[in-house]
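The chain contents come next:
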Amino acid sequence: MDESTILSWLDEVKDPEIPVVSLVDLGVIRRVQIGADGHVTVRMTPTFSGCPAMDYMRRDVERVLREHGVPGYTVEMSLEEAWSSNDVTERGRQALREFRLSPPPAHQGIIDLDILEYAECPHCGSHNTELRSPFGPTLCRALHYCHNCRQGFEQFKPV
Amino acid sequence: MTDPKKDLLYRLADDQLILGHRNSEWNGLGPILEEDIAFSSMAQDKLGHALQLYSLLHELGEAEPDTVAFTRNAAQFHCSQLVELPIGDYAFSLMRHFLFDHAELLRFEALAASSYEPLAQVARKLKGELKYHVLHANTWIRQLGTSTEEALEKLQAALDLTLPYALGLFEKTEAEPAIIAEGLFIGEDVLRAQWLENISRVLNQTQLELPDLSAITPVGGGRHGEHTEFLQPLLDEMAEVFRLDPTADW
């Protein structure tokens, strides 16, 4: 058992609210460490601080470690390296598109209005879109509208 | 003498918890579906923020977050009176949200540089989320603040009513000199000046008029446990389920 093996197990754990994206691709698994005594520590960080799914994700990670017979483990939540939507991997972004959820636009650390209002339509790929509301069905989603294919869509918010 | 860190954290956390609860009261009642969702989402964010801050207090030796949130009485709360007022009509809730979240975003942007590293970490996380709250408030204040006579009347009345309470957000406590000296926070006076600049910029784009602040007496007291008659009933309702069985494992 090494760290990459554990990461591959954790790849099976999905975000319960976006069941096509793994926690690894979402970027919420920060670190996996195996101590000299074999104790496994997984460090996670929340996407949004009020996200009710975080508790479920944590329990799912503990369940996976248990099911693979890891004798001793700690799953910790830390804000030391706060999550940014830039942490979603390319594979994660592709999975979001296929789920018809617009991926968060990459940013340079400063989120201005241009970034907040920008979204690519997951149906037709157009950028002729408009932010309708910064709040959607979950804390991490905003509501947009596409003027090209004339459909509403959701976006994973940039933070 | 109160620990300056705890003094600061209680004020931050209690504002989030109480306004979070008030925002949640729009759940199912918003004037349009998107606003129902927006106020409910902001409620969820604010409860998450309160939890992060109560967790820091717990690390400093205070009780568990749930105990702190659900077992204190009104006089033990340090929230501003602004956040405890009933939701009123949509114009009132929107104006309170606008005035509060502008201050809150600036507050957490400043706290991101706090000398108290655990709080700085939480602030760096929260400020990104608060941007969406300010964006939401600005959008509606601009839109409704340039629309019909009825909208202008309602919003102006809401602004006149909430402003004295909003100024109470910047009420200082005895710990203020220590908080500034230790580099925990820039202090309420600096924050208030930045806030005034930011809200004025948005209000200037509307037909609303910011009353002369020098003629207004801020409504304080909240930071010292003096509250309106509205806080205790809110606490009773918020803690109703928790108090049925405080030891229940959810």
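Conventions adopted
Residues numbered from 1 in each chain as written. Chains lettered and ligands numbered in written order. Predicted model: local features only at pLDDT ≥ 70, side-chain atom pairs only at ≥ 80, totals over all residues. Helix = DSSP H or I, 4+ residues; strand = E, 2+ residues; numbered from the N terminus. Rg over C-alpha atoms; globule rule 2.2 N^0.38 Å. Buried ≥ 20, exposed ≤ 12 C-beta atoms within 10 Å, placed from the backbone. Contact = placed C-beta atoms within 7 Å. Nonpolar A, V, L, I, M, F, W, Y, C, P; charged D, E, K, R; others polar. Domains from an automatic or database assignment. Pairing = 2+ DSSP bridges. Axes fitted to C-alpha atoms, helices over the stretch in contact; angles between N-to-C directions.

As recorded by an unreviewed UniProt entry, chain B carries the name Phenylacetate-CoA oxygenase subunit PaaC and is attributed to Hymenobacter guriensis.

For chain A, an unreviewed UniProt entry supplies the name Phenylacetate-CoA oxygenase subunit PaaJ and the organism Hymenobacter guriensis.

Scanning chain B from terminus to terminus reveals 11 helices and 0 strands. Relative to a compact globule of 250 residues, whose C-alpha radius of gyration would be 18 Å, chain B shows 18 Å and is just as compact. Principal-axis analysis of the C-alpha atoms gives chain B an extent of 50 × 45 × 30 Å. Across the 250 residues that make up chain B, the buried fraction comes to 46%. The long-range share in chain B, meaning contacts at least 24 apart out of those at least 6 apart in sequence, stands at 77%.

Before going further, it helps to examine the interface of chain B and chain A. With 21 residues of chain B at the contact, the number on the chain A side is 14 residues. Looking at the side of chain B that touches chain A, the elements with two or more residues in it are α2 (33–59) and α6 (117–144) of chain B. At 11 residues, α6 of chain B tops the list of elements feeding residues into the side of chain B that touches chain A. Class assignment of the residues belonging to the side of chain B that touches chain A gives a composition of 7 nonpolar, 8 polar and 6 charged.

All names here are of chain A. Once the domains are mapped, chain A shows domain 1 (3–83) and domain 2 (88–156). Measuring from the centre of the C-alpha atoms in domain 1 to the corresponding centre in domain 2 gives 26 Å. Taken together, the contacts link 11 residues of domain 1 with 12 residues of domain 2. If you list the elements that add at least two residues to the side of domain 1 that touches domain 2, you get β2 (18–22) and α2 (23–26).

Bringing the sheet that holds strand β3 (residues 29–34) of chain A into the picture now. All names here are of chain A. One open sheet accounts for 3 strands, arranged β3-β4-β5; its pairing is mixed. With partners counted over all chains shown, the strands left at the sheet margins are β3 and β5 (73–77), one partner each. The average angle at which neighbouring strand axes cross in this sheet is 15 degrees, direction not considered. Most of the contacts of helix α1 (residues 3–10) go to β3, to which it runs at about 135 degrees, and overall it touches β3 and β4 (40–44).

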